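Residue strings, one per chain:
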Amino acid sequence: MTHALLYLLTGLALWLLGLHGLLSQRHALRRIIAVNIMGSGVFMLMVALANRVQSIDPVLQALVVTGLVVAASATAFALRLATASADGSDKEPQ
């Protein structure tokens, strides 16, 4: 078993685990974690696809690095929305 195949299978398993968590959980924080697990699986799949040949594809590696930054920003935004809705701070002051 090559390293690329191991990364492919692990990425697929992470994506399926995140999908299961997303569909089965109702709590907002757990759903955000499930989406992050799915994203990690996609990043592993992209790394495995970049390493499948002798010359490593720099475009896929650049996309993974960019995706990590976007995922961190989206997670922070989603957590802020989840805490705002849990606190009830979206109500109008009277």
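Structure shown above.
Residues numbered from 1 in each chain as written. Predicted model: local features only at pLDDT ≥ 70, side-chain atom pairs only at ≥ 80, totals over all residues. Heavy atoms only, no water.

Novice: Would you explain the overall build of the chain in this entry?
Specialist: Within the chain, the secondary structure is distributed over three helices and zero strands. Computed over its C-alpha atoms, the radius of gyration of the chain comes to 17 Å, more than 25% above the 12 Å expected for a compact globule of 94 residues. For the chain, the spread of C-alpha atoms along the three principal axes comes to 65 × 25 × 10 Å. For the chain, buried positions account for 20% of its 94 residues. Partitioning the contacts of the chain with sequence separation of at least 6, the portion at a separation of at least 24 is 54%. The average position of the 6 basic charges and that of the 4 acidic charges among the side chains of the chain differ by 11 Å. (Helix = DSSP H or I, 4+ residues; strand = E, 2+ residues; numbered from the N terminus. Rg over C-alpha atoms; globule rule 2.2 N^0.38 Å. Buried < 20%, exposed > 50% of the residue type's maximum accessible area, 1.4 Å probe, protein only. Contact = heavy atoms within 4.5 Å. Lys, Arg positive; Asp, Glu negative; His and termini not counted. Charge placed at Lys NZ, Arg CZ, Asp CG, Glu CD.)

Novice: So what exactly am I meant to see when it comes to helix 3 (residues 58-87) here?
Specialist: Residue pairs spaced three or four apart in an α-helix point in one direction, given the helix's 3.6 residues per turn. Along its 30 residues, helix 3 runs 44 Å from first to last C-alpha, staying within 8% of the 44 Å computed at 1.5 Å per residue. By the burial criterion, the buried members of helix 3 are Leu60, Val64, Gly67, Thr75, Ala82 and Ala84. Along its buried surface, helix 3 packs onto helix 2 (28-50). (Expected span 1.5 Å × (residues − 1).)

Novice: In this structure, what is going on with the nonpolar core? I would like to understand it.
Specialist: Formed by Phe43, Met46, Ala50, Leu60 and Val64, the largest nonpolar core amounts to five residues. Of all elements in the fold, only helix 2 and helix 3 reach the threshold of two or more residues within this core. Excluding anything up to four places from it in sequence, phenylalanine 43 contacts Val64, Gly67, Leu68 and Ala71. (Core = buried A, V, L, I, M, F, W, Y, C linked by side-chain atoms within 4.5 Å.)

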